[in-house]
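Single-letter residue listing:
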Amino acid sequence: MFNMTKNVVANLFSKSSTRLYPIAVRGHFEGFRGTLHINIDECIFCRTCMIKCPSQCIAVDNKAGTWTCEAMSCVYCGVCVDVCPTGCLSMSKEHRPVATEKQTMAYQGVPKKKKKEAAE
Amino acid sequence: MARTILPFGPQHPVLPEPLHLKLTIEDETVVEALPTLGYVHRGLEKLCEVRDFNQMIQIVERVCGICSCLHALCYCEGVEQIMGVEVPRRAKYLRTIWGELHRVHSHLLWLGLFADAFGFESLFMQFWRVRERIMDIMEATCGNRVVVSVNVIGGVRRDLTPEQCKWIEEQVAIAEKEIRQLSSTILNDYTVKKRCCGKGVLTKDQAYQLGAVGPMLRGSGWAQDARQTGYAAFGELGFEPIVEYDGDSYARSAVRFRETLQSLDIVRLAIARLPEGEIASKVKGKPQGETVTRVEQPRGELMYYLKADGSKHMDRVRIRTPTFANIPPLLAMLPGCELADVPVIVLSIDPCISCTER
């Protein structure tokens with residue numbers, strides 16, 4: 001009984017143990033794998049990310065110069081970021097907002113010309 | 001007396017995952033239980049034919065969300081054994097730290113769900129509040145809360161800085177203090193004891209004969225734990241399993257509660273002895289051969305059988321999860337109990353049905 005009274009008094013004078021959600025939002029820690037980004041200008045369309053992706057959500061067309069990612073299929077493991085030879089893939093700590101429709105990240109870049117074509 | 005057949009699950013307020021039990025009852029006493037599984041089969045083992053052996057790490061992590069790190073650890077250790085890869089010491093210690101943090105958060109989750117099974121909602125929330133601190137450590141150090149994805153073949157992907165180590169030690173100390181505050185409620189409370197003591201008794205011989213694993217086995221008096229085999233850094237850290245002798249639901253919850261504190265101690269010890277050096281060794285070639293690896297999951301012993309034929313795909317990945325081994329003991333515990341005790345007894349094996357069905 002005395003224990004309970006002690007707890008009740010402590011609870012009356014302690015600060016709230018929950019966050020006032022819409023006002024106070026919990027941020028993410030540094031290094032959290034939230035969203036995948038690509039700097040398409042640096043991409044060489046080598047298709048390494050497409051081959052290594054465990055959920056096979058990335059599609060790269062090296063002739064047309066397109067890079068697409070099915071955002072809803074991505075599991076945010078970060079393997080593509082690790083294997084990218086140019087470092088054009090990165091992850092930011094803010095996660096994707098709630099969506100009502102399936103999203104696809106589609107980027108159009110300039111495919112690298114082969115040496116022969118470049119010489120002509 | 002007339003017998004009635006009562007379906008328990010697959011959708012039941014107390015069950016986090018779908019398990020169907022056909023309970024034959026006489027008045028309010030259970031006389032027979034028949035399980036049905038197969039509601040969440042995903043065919044993950046078969047995926048080894050279309051995903052290469054590196055991509056399988058992310059797939060085996062998804063066998064079980066709660067112990068994802070340990071699944072990946074078991075798989076990676078197996079492939080490393082086949083390929084003869086020497087893992088750097090620092091990577092072994094980091095694997096131990098993350099593995100034990102997974103055990104802590106899984107046991108805290110279970111202790112909360114167990115409290116919920118006998119209707120103690122506020123205790124459930126207290127355990128989950130402490131668990132959130134462990135999830136924060138995971139998010140800050142691995143980049144994700146649950147499926148941490150840190151293991152690769154040959155080592156780990158992320159390192160801990162000295163500041164992070166210090167911060168983890170602080171957080172672990174606070175978590176330990178908060179867990180100890182709850183010990184008198186989960187272990188000594190009159191109502192809790194009334195619901196757990198003597199419910200679902202599994203004798204020492206039964207536990208051995210029916211092949212129970214993990215806290216089920218240790219709650220019945222057997223000092224057996226896969227961590228004694230010395231995987232990851234346990235060979236250097238040393239390990240003594242926690243044992244209780246009563247074999248009832250209370251003994252199993254006591255084993256899990258004490259293991260939570262023990263795992264926090266292991267995390268502290270591993271951080272204190274964390275060696276300097278590389279975190280991953282370079283791996284070349286493709287695996288060829290077969291092996292069996294065992295690690296201790298929060299629910300018990302996890303076993304992987306791996307067979308590789310020298311191509312980039314594994315030939316066979318066979319996963320035996322602890323819940324699969326713990327279902328026969330569950331069926332031995334249920335006959336003779338009261339219907340109202342069924343949720344407590346089912347929860348006391350810590351069922352992870354998605355794990356079992358893969």
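Our subject in this report is the structure included herewith. (Residues numbered from 1 in each chain as written. Chains lettered and ligands numbered in written order. Predicted model: local features only at pLDDT ≥ 70, side-chain atom pairs only at ≥ 80, totals over all residues.)

## Focus on the sheet that holds strand β2 (residues 20–26) of chain B
All names here are of chain B.
Okay, step 1: Read from one edge of the open sheet, three strands run β1-β2-β3, paired in antiparallel fashion. Two strands bound the open sheet, and with one partner strand each, they are β1 (3–8) and β3 (29–36). Between one strand axis and the next, the sheet turns through 20° on average, direction left out of account. (Pairing = 2+ DSSP bridges. Helix = DSSP H or I, 4+ residues; strand = E, 2+ residues; numbered from the N terminus. Axes fitted to C-alpha atoms, helices over the stretch in contact; angles between N-to-C directions.)

## Observations regarding the environment of Pro329(B)
All names here are of chain B.
Okay, step 1: Examined against the element boundaries, Pro329 turns out to sit in helix α11 (residues 322–333).
Okay, step 2: The class of Pro329 is buried, set by 23 C-beta atoms lying within 10 Å.
Okay, step 3: Spatially, the C-alpha atoms of Pro329 and Thr203 are 10.0 Å apart, while their sequence positions differ by 126 residues.
Okay, step 4: In this view, Pro329 contacts Leu202, Gln206, Ala207, Leu210, Ala212 and Met216; residues no more than four positions away in its chain are not counted. (Buried ≥ 20, exposed ≤ 12 C-beta atoms within 10 Å, placed from the backbone. Contact = placed C-beta atoms within 7 Å.)

## Section: unusual backbone geometry
Most peptide bonds adopt trans geometry, and most residues besides glycine take a negative phi value.
Okay, step 1: Notably, Tyr76(A) is not glycine yet its phi reads approximately 55°, a positive angle.
Okay, step 2: On the secondary structure map, Tyr76(A) appears in the loop between β3 (66–70) and α3 (79–83).
Okay, step 3: Positive phi, close to 50°, is recorded for Arg358(B), a residue that is not glycine.
Okay, step 4: Of note, Arg358(B) is situated in the segment after α13 (353–357).
Okay, step 5: Owing to 23 C-beta atoms within 10 Å, Arg358(B) belongs among the buried residues under this scheme.

## Notes on the packing of helix α3 (residues 89–117) of chain B against helix α4 (residues 121–142) of chain B
All names here are of chain B.
Okay, step 1: At their nearest, the axes of α3 and α4 sit 8 Å apart, and the two run at 160° to each other. One way to sum up the angle between α3 and α4 is to call them roughly antiparallel. For the pair α3 and α4, the crossing hand works out as left-handed. Here α3 contributes Trp98, Leu101, Val104, His105, Leu108, Leu109, Leu111, Gly112, Ala115 and Asp116 to the contact with α4, which in turn contributes Glu121, Leu123, Phe124, Phe127, Trp128, Val130, Arg131, Ile134, Met135, Ile137, Met138 and Cys142.
Okay, step 2: When its residues are assigned to classes, the contact of α3 with α4 shows 17 nonpolar, two polar and three charged. (Parallel < 35°, antiparallel > 145°, perpendicular 65-115°, else oblique. Left-handed = near helix turned anticlockwise from the far one by under 90°. Nonpolar A, V, L, I, M, F, W, Y, C, P; charged D, E, K, R; others polar.)

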